[in-house]
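# Descriptive structure summary
Each chain is listed here by its residues.
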Amino acid sequence: MMMKPQLKFSENYRATRFVKKLLLTLFMVLVSFTMLLPFLWMISSSFKDSLSMFKYPIEWFPKELNLTGYKKVWQGDVNFSIFFLNSVKITFLAVVGTVISCTMGGYAYAKIKFIGRDSLFLMKLSTMMIPSQITMLPTFMIFSWLGWINHHTALWVPFFLGQPFGTFLMRQYFLKVPEELLDSARMDGANHFHIFIKIAMPLVKAGLSVLIFLYFVWAWNNYEGPLLYIRSTNLYTLPLALKFFSDEFSTNYTAIMAASVSMTVPVLALFVGLQRFFIEDITSTGLKG
Amino acid sequence: MKKTELMQQKTHARRMRNLKENLTGYLFILPNLVGFLVFTVFAVLFSFFMSFTDWSLIKKFQNIKFTGLENYIDLISDKWFHASVINNVWFLLVIPVMIFLAMVFAFMVNDKVFFKNTFRTILYLPNITSVVAISVIWFTLFNPRSGPINEMLRSLGMENPPQWLSSVVWAKPTIGLLMIWKTVGYYTILYLAALQGIPRQLYEAATVDGASTRQQFFKITMPLLSPTTFMLTILSVMNIFKDWSLIQIMTEGGPGTSTYTIGYYIYYAAFKKMRMGYAASMAWVLLVIIMIFTIIRFRTEKKRDF
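Residues numbered from 1 in each chain as written. Chains lettered and ligands numbered in written order. Predicted model: local features only at pLDDT ≥ 70, side-chain atom pairs only at ≥ 80, totals over all residues. Heavy atoms only, no water.

### So, the overall build of chain A
- When helices and strands are counted, chain A shows 15 helices and 0 strands.
- Computed over the C-alpha atoms, the radius of gyration of chain A is 25 Å, more than 25% above the 19 Å expected from 2.2 N^0.38 for a compact globule of 289 residues.
- Put simply, chain A has 289 residues, and 51% of those count as buried.
- Residue pairs at least 24 apart in sequence account for 73% of intrachain contacts in chain A once pairs closer than 6 positions are excluded.
- With an accessible surface of roughly 14200 Å², chain A has 67% of that area assigned to carbon and sulfur atoms. (Helix = DSSP H or I, 4+ residues; strand = E, 2+ residues; numbered from the N terminus. Rg over C-alpha atoms; globule rule 2.2 N^0.38 Å. Buried < 20%, exposed > 50% of the residue type's maximum accessible area, 1.4 Å probe, protein only. Contact = heavy atoms within 4.5 Å. Areas by Shrake-Rupley, 256 points an atom, 1.4 Å probe, with all protein chains shown as cover.)

Below, the structure is given as structure tokens:
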């Protein structure tokens, strides 16, 4: 029997390996700090007045908590609670729409044999390369003919009509569902709707959670859509409201930071809370930012 | 007689089953199909048509004129468009940096460090943060007068720190830095997926042969990741040419034309200057540019097979 090569190495080797790992960890700690510092600065600044905010060296922990920023954001004339509700509503509808259209499409492309399926799928895939600017202008015209400009409809209806990436993602997961399982269900007289809901869907839970997470983040952070389609302040979503806010109160940094915290921290907290669940799945599927 | 009847019945049943299968299939993809036909097929054709007209948001449909190649000819002499193209090419410089960093980070957090899951999470955070929030935060950090970055530089003895976003010279690098900061974690995750496909034995064998970590990275990891690198390069080129929200929020193309990009200029032309036809022609040029880059990249990739 061959011994495993590592076992031949001495204690000394293991010690140097440990030190090396420690040094590399330190390097990653430094990298992480450049990633995290802007967030920490945002949170810390949201509790300071503009004067102490720009004090150098930076006071990471403000001596006294200043809540005027949050008061201005949540109780001021331009009220974030409306924007928050708008964002929640649109994000919710967008995610529901994505789940319905992308799982159904993904299942059909993977498991139903209909005429023209593969050429349709290929066409869809190849058009993912087309830059959004090409379709942005006609889409705007379509929405304006439909009378959807300055309505939330323009922001969530497209999600019910399928997202190429989401459909592609779900198809990958449905392909992994063993054919024998579906065949035996078909023998028992189950139709595709039944198989889809009762058998296939429970088997692609991992893919579903990635889909929901990615489109939740995407819809929540979507800035370009509202910028193009929404005009009235009371219909703003959070990203647009934050931009409006930072233009309007360009010197009130405390309020701007409080507004930033209000919109980003829920998503970040959700992600950190569920990260063990997600990172693996996102890693295994790759793609989409 | 009976036999043929039975056969007829059988073929009839099969036909019915096929019909049902087809109908169910199309029913399942119906939402997708409608979306595809309206927002892709129709939109692409419409935008192509639009690019040969003086289409505008403020014009009535009847007043829209067919102008032939005028939009495309105008582009040739449009100084802002030239600036946009040049700036975009400049921004391509961030791609190697972004990709190399992501590769190194992925190599590290794959198995070289402690707390690898924590690092993965932290690296991914900027990617799930709203681009508006990111812009707002960095905007104050880069504030030339009193922002912490310049305060730090001053305390280190630099008398005239850069004006960052308000300087013609520094605006582009600043935006480039932001692009890297926002994207690197996402690319790291994509590289991690690819790393998981590299057999561990390769590294073990290399360790036995006395290869250092650095050698392992350059001799094993980097070559074996090249399909992902290839994909990420194309993805980055596309994104750099078409992304416009960061520019719209941070600089609106300024100062001067120093941060105009094609993606942003299309938005600006269509919705600020109300020249939709002109913007559409730019979008088509953008598509051609992206395709040229993709083809070049495909060509260079083929030569280097191993």
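### Focus: the overall build of chain B
- In terms of helices and strands, chain B carries 15 helices and 0 strands.
- Taking 19 Å as the expected radius of gyration for a compact globule of 306 residues, we find that chain B reaches 26 Å, considerably beyond that expectation.
- Taking the principal axes of the C-alpha coordinates as reference, chain B spans close to 105 × 75 × 40 Å.
- Split into buried and exposed, the 306 residues of chain B put 56% on the buried side.
- Across chain B, every contact between residues at least 6 apart in sequence was considered, and the portion connecting residues at least 24 apart equals 66%.
- Summed over all atoms, the accessible surface of chain B reaches about 15300 Å², with 66% contributed by carbon and sulfur.
- Distance between charge centres in chain B, computed from 30 positive and 15 negative side chains, equals 8 Å. (Lys, Arg positive; Asp, Glu negative; His and termini not counted. Charge placed at Lys NZ, Arg CZ, Asp CG, Glu CD.)

### Section: unusual backbone geometry
- The residue Asn150 of chain A is not glycine, and still its phi comes out positive at about 65°.
- By the secondary structure assignment, Asn150 of chain A is in the loop between α7 (132-145) and α8 (153-160).
- Despite not being glycine, Glu252 of chain B shows a phi value in the positive range, around 50°.
- Its location among the elements puts Glu252 of chain B in the loop between α13 (245-250) and α14 (262-272).
- Judged by its relative accessible area of 47%, Glu252 of chain B falls in the partly exposed class.

### Concerning a positive patch on the surface
- Side chains of Lys10, Arg14, Arg15 and Arg17 of chain B sit close together on the surface and give a patch of like positive charge.
- Looking at the element boundaries, Arg17 of chain B is found in helix α1 (residues 2-28). (Patch = residues over 30% accessible without salt bridge, like charges linked within 9 Å, V, L, I, M, F, W, Y side chains within 5 Å. Salt bridge = Lys/Arg side-chain N within 4 Å of Asp/Glu carboxyl O.)

### A word on helix α12 (residues 226-242) of chain B
- A rise of 1.5 Å per residue sets the reference length of α12 of chain B, with its 17 residues, at 24 Å; its end C-alpha atoms lie 24 Å apart and thus fit the reference within 8%.
- Counting buried positions over the 17 residues of α12 of chain B gives 13, a clear majority of the element. (Expected span 1.5 Å × (residues − 1).)

### Some points on helix α4 (residues 68-75) of chain A
All names here are of chain A.
- What α4 keeps buried is the set Gly69, Tyr70 and Val73. Projection of α4 onto a plane perpendicular to its axis shows the buried side chains occupying an angular sector of 90°, all on one side. Across α4 from its buried face, at more than 90 degrees, point the exposed residues Thr68, Lys71 and Gln75. (Arc of directions from axis to C-beta.)

### Some words on the interface of chain B and chain A
- Of the residues lining the interface, 93 residues belong to chain B; the matching set on chain A comes to 98 residues.
- Across the chain B/chain A interface, buried area totals approximately 8500 Å², and carbon plus sulfur atoms make up 78% of it.
- Taken together, the connections running from chain B to chain A amount to 0 salt bridges.
- Seen at the junction of chain B and chain A, the total is 17 residue pairs in polar contact (both at pLDDT 80 or more). (Buried area = accessible area lost by both parts, 1.4 Å probe. Polar contact = N/O pair within 3.5 Å; in protein donor to acceptor, adjacent residues only side chain to side chain.)

### Considering the side chain of Ser56 of chain B
All names here are of chain B.
- With respect to the helices and strands, Ser56 occurs in the loop between α2 (30-50) and α3 (70-76).
- The exposure class of Ser56 is buried, given its relative accessible area of 7%.
- A polar contact is formed between the side chain of Ser56 and the backbone oxygen of Met274, at a distance of 2.9 Å.
- Leave out the neighbours within four places in its chain, and Ser56 touches Met274 and Met276.

### Structural notes on the pattern of salt bridges
- Applying the stated criterion across every chain, the model contains 8 salt bridges over all chains.
- In this structure, Lys111 of chain A engages Glu179 of chain A in a salt bridge whose closest nitrogen and oxygen atoms are separated by 3.2 Å. With Lys111 of chain A in helix α5 (residues 80-111) and Glu179 of chain A in helix α10 (residues 179-187), the pair connects residues that are 68 residues apart, well separated along the chain.
- You can call Lys111 of chain A buried: its relative accessible area is 4%.
- Note that Lys112 of chain B and Asp111 of chain B form a salt bridge whose closest N and O atoms lie 3.3 Å from each other.
- Residue Lys112 of chain B is classed as buried on the basis of its relative accessible area of 16%.
- Connected through salt bridges with shared partners, the residues Asp111, Lys112 and Arg200 of chain B form a single ionic network.

### Focus: the packing of aromatic side chains
- Going through the model one piece at a time under the given rule, you end up with 60 aromatic pairs over all chains.
- With a centroid separation of 5.8 Å and an interplanar angle of 65°, the aromatic rings of Phe159 of chain A and Trp218 of chain A are classed as edge-to-face. Here Phe159 of chain A is found in helix α8, whereas its partner Trp218 of chain A is found in helix α12 (residues 205-221), with 59 residues between them in sequence.
- Accessibility expressed as a relative area gives 5% for Phe159 of chain A, which makes it buried.
- Looking at Trp218 of chain A, the relative accessible area reads 33%, which means it is partly exposed.
- Lying over the aromatic face of Phe114 of chain B, Lys21 of chain A brings its terminal NZ or CZ to 4.8 Å of the ring centre. (Phe/Tyr/Trp six-rings, centres within 6.5 Å; stacked < 30°, edge-to-face > 60°. Lys NZ or Arg CZ within 6 Å of the ring centre and 35° of its normal.)

### Quick notes on the environment of Asn252 of chain A
- Considering the arrangement of structural elements, one finds Asn252 of chain A in the loop between α14 (238-248) and α15 (253-285).
- The sequence separation of Asn252 of chain A and Met170 of chain A amounts to 82 residues, and the corresponding C-alpha distance is 45 Å.

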